[in-house]
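# Tertiary structure, described
Residue strings, one per chain:
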Amino acid sequence: MSREGSSRILVVEDEPHIARMLQVLLEGRGYAVSLAYTGKEALEAMEIQPVDLVLLDIMLPGFDGFEVCRAIKEDGRLRHIPVMMVTAKDALQEKVEGLEFGADDYLTKPFNNEELLARVKALLRAKRVDHEIIQLNRELSALNAIIAAVSQSLDQGEILEIALEGVLQVMEAEAGWIGLFQEDAGLQIQVQRGLSPAFLEEVAARIGIKEGAVLSARLPAVRKEGLRDLLCAPLKAKDRLLGSLGIARQQPHPFLPLDRELLVSIGQQIGMALEKARLYGESQRREREFRALYEVGKTMASTFDLQDVLPLLTTSISQVMDAVAASLMLWDPITKKLRVVAGYNLSPEYIRKAEDIRSRVERSPSLLALEEKRPVAITDIHRDELFVPWREVAKLVGYSSFISVPLVLHERALGVLNVYLAQVHRFSNEEVELLSHFANQAAIAIENALLFEEKTRLAITDELTGLYNHRHFYQVLEAEIKRAQRYKRPLSLIMVDIDYFKNYNDRCGHLKGDEALRQLAGVLRRNARDVDVIARYGGEEFTLILPETDLAQAEVQAERIRAAVERHLFEAEEVQPRGKLTISLGVATYFPPVKRMEELVHAADQALYRAKAQGRNQVCLAGEKGSDQQSEKTER
């Protein structure tokens with residue numbers, strides 16, 4: 001005898017012996033059978049346990065069979081269940097009435113057992129076909145909804161929102177969630193409907209990465225949430241587990257095996273959508289990174305000014321990393337400290353407090369990155385021991401995670417690149433590699449700027465004394481004269497010459513002569529103002545450009561310099577005619593009739609000649625009596 005599987009049939013019959021006979025007959029063919037003796041019992045039984053077929057007697061106490069049939073067919077949850085009405089009457093009117101109430105078949109007592117079984121089998125087969133068609137339509141609708149979500153958006157958050165709404169609607173579920181697995185963090189719920197935080201924590205804790213989605217509907221947490229049935233499925237893309245999709249019903253309408261298959265299929269579609277969004281996001285991120293590196297490289301190629309390159313670099317990094325702030329620090333070998341040279345959105349209060357803390361502690365993430373020449377990443381600065389001294393100030397300005405990447409060039413660490421994020425974040429290998437590229441760019445920019453600065457310095461500097469050279473003196477003087485003309489401000493020039501320097505060189509040698517020139521340059525630096533420009537004019541002659549200085553003020557400064565040189569002890573200066581190495585100074589000021597740069601230099605030079613002619617070791621001013629007549633080249 002063939003067996004019909006696990007289909008459940010509800011027999012509704014008020015006569016116990018007939019009900020029992022039908023139960024034995026149907027169970028003998030492998031069906032599971034439930035009994036009900038009234039219409040009310042039948043409807044209550046169907047609320048508790050799902051059935052696949054109802055054998056319904058018309059003559060019942062209370063609700064008759066017609067009323068029960070109508071109640072079944074008007075209930076959206078039950079209408080798909082086939083109903084075979086059974087009666088002792090063979091009246092055509094009753095058959096018609098039963099069919100109008102929605103009955104799927106009609107059998108008259110006494111019935112033939114084989115005919116009954118055949119009709120039951122036919123109804124169950126038709127029900128299965130109908131259910132498969134309904135299920136296929138539901139699956140098609142669900143998959144179309146997911147495909148629509150993919151076509152509408154490539155944003156992960158939006159895809160998850162649309163997908164969950166569609167799944168709940170198609171699966172006729174009141175609650176659900178979608179969670180994604182994160183490295184070292186397990187399942188993280190991204191979107192949910194109708195569920196408490198406590199329950200979602202239980203879900204995240206119980207669903208393991210390997211099994212994808214396993215959660216029993218019998219768990220106390222499920223019952224406490226007011227849920228009657230629960231169904232989960234993994235989210236996968238190319239056999240890679242991404243997360244979990246779960247739905248739950250509060251009504252006593254259990255999920256069927258086909259529901260599970262449908263949810264798994266939907267989970268695959270969501271997984272494909274997420275993978276597509278991930279690849280799109282990855283391509284967008286790569287494009288932003290390339291563009292940022294390109295812009296930095298282009299700027300580096302167009303300028304050697306660090307004030308142009310470094311701020312662009314920190315800004316680009318912050319945009320690519322979605323960082324709240326970034327800073328670039330260089331190592332000062334003199335002070336043995338790191339100092340901030342560029343930054344993006346840095347809080348002045350944080351810089352001040354952080355530097356104060358750094359001056360009092362021996363270890364810091366930035367110093368560690370510099371010393372060990374490796375990136376130091378801190379996922380949560382509020383829990384990391386190395387960041388303890390800075391926790392309070394970081395919390396105050398909203399920093400939660402941090403990474404410091406060294407600027408290494410030719411095995412030498414020049415400084416560090418620091419990035420601050422507002423959220424707790426675990427830095428990936430790709431992110432560290434990207435930041436290392438930016439750090440390399442910064443190191444190259446710094447080296448290029450230093451080399452350019454050194455080359456520029458050598459081009460404008462006198463090699464022996466370290467002062468500006470003759471060429472740069474004229475460039476600065478021209479610019480200062482234009483400024484004096486524009487703002488109608490005074491400008492003075494001092495010409496300096498060493499007295500009897502040829503004698504000193506002849507008696508002591510050129511090496512000691514060079515040393516005397518170097519020492520004189522030092523005396524000039526110490527006695528000049530920060531705004532003054534000092535240059536070696538040539539041989540033993542020097543010049544000082546004095547912005548915002550009139551003739552009287554320039555005379556005072558010239559005399560101060562003369563006295564300082566006279567006090568200075570030069571080696572072997574006793575060989576000089578007066579036993580001291582001294583200087584003579586000529587001072588001129590830019591004013592009518594002096595109107596051109598050459599005239600100002602000539603006036604100062606003439607004053608210097610006069611100081612020489614009048615006995616040396618003194619200061620003479622342009623415009624004094626006799627200055628225009630001085631033309632004799634006095635021995636210097």
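Because the structure is a prediction, the values reported are computed rather than measured.

## Let's talk about the overall build of the protein
When you go through the protein residue by residue, the secondary structure sums to 19 helices and 19 strands. The buried share among the 636 residues of the protein stands at 49%. Looking at the protein alone, contacts between residues at least 24 apart form 63% of all its contacts between residues at least 6 apart. Carbon and sulfur atoms form 51% of the exposed surface of the protein, whose accessible area is close to 32,500 Å².

## Quick word on the pattern of salt bridges
Applying the stated criterion across every chain, the model contains 25 salt bridges. For Arg374, the salt bridge is made with Glu372, and the minimal N-O distance between the two is 2.5 Å. Looking at Arg374, the relative accessible area reads 36%, which means it is partly exposed. A salt bridge links Asp499 to Lys612, with the shortest nitrogen-to-oxygen separation between them at 2.9 Å. Taken together, the residues Asp499 in the loop between strand 15 (491-498) and helix 16 (501-508) and Lys612 in helix 19 (residues 597-613) connect sequence positions 113 residues apart. Take Asp499: its relative accessible area is 1%, and that puts it in the buried class. Within the structure, one salt-bridge network assembled from shared partners comprises Glu480, Arg483, Arg489 and Glu548.

## Brief notes about unusual backbone geometry
Even without a glycine there, the phi angle at Glu172 is positive, about 55°. On the secondary structure map, Glu172 appears in the loop between helix 6 (156-170) and strand 6 (175-182). Unusually for a residue other than glycine, Ala572 sits at a positive phi of about 60°. In this fold, Ala572 is placed in the loop between helix 18 (551-567) and strand 18 (583-589). By relative accessible area, Ala572 is classed as buried at 19%.

## Section: empty space enclosed by the protein
All chains considered together, the criterion is met by six cavities of 30 Å³ or more. If you add up the space inside the largest cavity, you get close to 80 Å³. Together, Tyr350, Ala354, Arg358, Ser364, Pro365, Ser366, Phe387, Trp390, Phe402, Asn418 and Tyr420 line the largest cavity. Of all the secondary structure elements, the ones that give two or more residues to the lining of the largest cavity are helix 11 (348-360), helix 12 (365-372) and strand 14 (412-421). With three residues, helix 11 is the largest single contributor of residues to the lining of the largest cavity. Across the lining of the largest cavity, the residue classes break down as seven nonpolar, three polar and one charged. Roughly 70 Å³ of internal volume is contained in the second largest cavity. Considering the residues around the second largest cavity, the lining is formed by Ser327, Met329, Val340, Leu346, Tyr350, Ile351, Ala354, Glu355, Arg358, Asn418 and Tyr420. Looking at the lining of the second largest cavity, the elements that each hand over two or more residues are strand 10 (325-332), helix 11 and strand 14. Split by residue class, the lining of the second largest cavity holds seven nonpolar, two polar and two charged.

## Looking at the environment of Ala552
Its place among the elements puts Ala552 in helix 18. It is 9.2 Å that separates the C-alpha atoms of Ala552 and Leu621, two residues lying 69 residues apart in sequence.

## Points about the nonpolar core
Ile494, Ile498, Phe542, Leu544, Ile583 and Leu585 are the most contacted members of the largest nonpolar core, which has 32 residues in total. Contributing elements (two or more residues each) for this core: strand 15, helix 16, helix 17 (510-527), strand 17 (541-547), helix 18, strand 18 and strand 19 (619-621). Here the element with the most residues in this core is helix 17; it accounts for six residues. One finds Ala173, Leu231, Ile270 and Ala277 within the second-largest nonpolar core, a separate group that totals 27 residues.

## Comments concerning the environment of Gln319
Within the secondary structure, Gln319 sits in helix 10 (residues 306-321). With a relative accessible area of 52%, Gln319 lands in the exposed category. Through-space distance from the C-alpha of Gln319 to that of Tyr344 is 9.8 Å; in sequence the pair is 25 residues apart.

## A word on the packing of helix 2 (residues 39-48) against helix 3 (residues 65-74)
Where helix 2 contacts helix 3, the two axes come as close as 9 Å, and the packing angle between them is 20°. Comparing the axis directions of helix 2 and helix 3 gives the class roughly parallel. Seen along the crossing, helix 2 lies across helix 3 with a hand that is right-handed. Listed contacts from helix 3 to Gly39, Leu43 and Met46 of helix 2 are Val68, Ala71 and Ile72. Looking at the contact of helix 2 with helix 3, its residues break down into five nonpolar, one polar and no charged.

## Description of the sheet that holds strand 11 (residues 337-344)
Pairing in this open sheet of five strands is antiparallel, and the strands run 11-10-14-13-12 from one edge to the other. Where the open sheet ends on each side, the last strands, each with one partner, are strand 11 and strand 12 (376-378). Recorded for the sheet is a direction-independent mean angle of 20° between the axes of neighbouring strands. With three bridges joining them, strand 12 and strand 13 (residues 401-409) adopt antiparallel strand pairing. Bridged to Ala377 within strand 13 is Ile403.

## Some thoughts on the side chain of Thr549
By secondary structure assignment, the location of Thr549 is in the loop between strand 17 and helix 18. Here the side chain of Thr549 touches Arg529 through a polar contact of 2.7 Å, side chain to side chain. If near-sequence neighbours (up to four positions away) are discounted, Thr549 is found in contact with Pro490, Leu491, Ser492, Arg529, Ala554 and Thr589.

## Remarks on the pairing of strand 10
Summarising burial for strand 10: seven of the eight residues are buried, a large majority. Pairing analysis gives six bridges linking strand 10 to strand 14, with the strands arranged antiparallel. Its bridge partner being in strand 14, Ala326 is matched across the sheet by Val419. Counted along the chain from strand 10 to the antiparallel partner strand 11, the turn is four residues long, and its residue Lys336 has a positive phi close to 60°.

## Some words on the sheet that holds strand 4 (residues 83-87)
If you walk across this open sheet you meet the five strands as 2-1-3-4-5, and the pairing is parallel. Among the strands making up the open sheet, the edge pair consists of strand 2 (32-36) and strand 5 (105-108). The average angle at which neighbouring strand axes cross in this sheet is 20°, direction not considered. Here strand 3 (residues 53-57) runs beside strand 4; their pairing, made up of four bridges, is parallel. Within strand 4, the position partnered with Leu56 by the bridge is Met85. Relative to the sheet, helix 1 (residues 16-28) contacts strand 1 (8-12), strand 2 and strand 3, its axis offset from that of strand 2 by approximately 170°.

What counts and how
Note that residues are indexed from 1 along each chain, following the sequence as it is written. Predicted model: local features are reported for residues with pLDDT of at least 70 only, side-chain atom pairs are reported and counted for 80 or more only, and whole-chain, interface and lining totals are derived from all residues. Side-chain descriptors were evaluated using all non-hydrogen atoms of the structure, hydrogens and water having been removed beforehand. What counts as a helix is a DSSP run of H or I of at least four residues, what counts as a strand is a run of E of at least two, and both are numbered from the N terminus. Only protein chains enter the accessibility calculation, which uses a 1.4 Å probe; a residue whose area is less than 20% of its type maximum is buried, one above 50% is exposed, and one in between is partly exposed. The criterion used for residue contact is that any of the two residues' heavy atoms lie within 4.5 Å. Each accessible area value is a Shrake-Rupley result obtained with a 1.4 Å probe; residue values ignore everything except the protein chains displayed when judging cover. Any Lys or Arg side-chain nitrogen located within 4 Å of an Asp or Glu carboxyl oxygen qualifies as a salt bridge. Using only the protein atoms, space was sampled on a 1 Å grid; points where a 1.4 Å probe fits but cannot get out form cavities, open sets with protein on both sides within 12 Å along at least five of seven lines form pockets, and lining residues are those with an atom within 4 Å of a point. Grid points are joined across faces, edges and corners, and a volume is the space filled by probe spheres set on the points. When residues are sorted by character, Ala, Val, Leu, Ile, Met, Phe, Trp, Tyr, Cys and Pro go into the nonpolar class, Asp, Glu, Lys and Arg into the charged class, and all the rest, Gly among them, into the polar class. Residues belong to one nonpolar core when they are buried, are Ala, Val, Leu, Ile, Met, Phe, Trp, Tyr or Cys, and are joined through side-chain atoms within 4.5 Å. Lines fitted to the C-alpha atoms define the axes, with helices restricted to the stretch that makes contact. Angles between their N-to-C directions range from 0 to 180 degrees. To sort the angles, those under 35 degrees are grouped as roughly parallel, those over 145 as roughly antiparallel, those from 65 to 115 as roughly perpendicular, and the leftovers as oblique. A clockwise turn of the near helix away from the far one marks a right-handed crossing, whereas an anticlockwise turn of less than a right angle marks a left-handed crossing. Between any two strands, at least two bridges found by DSSP are needed for them to pair. Pairs of N or O atoms within 3.5 Å make up the polar contacts considered here, provided that, within protein, one atom can donate a hydrogen while the other can accept it, and that residues adjacent in sequence are counted only when both atoms are side-chain atoms.

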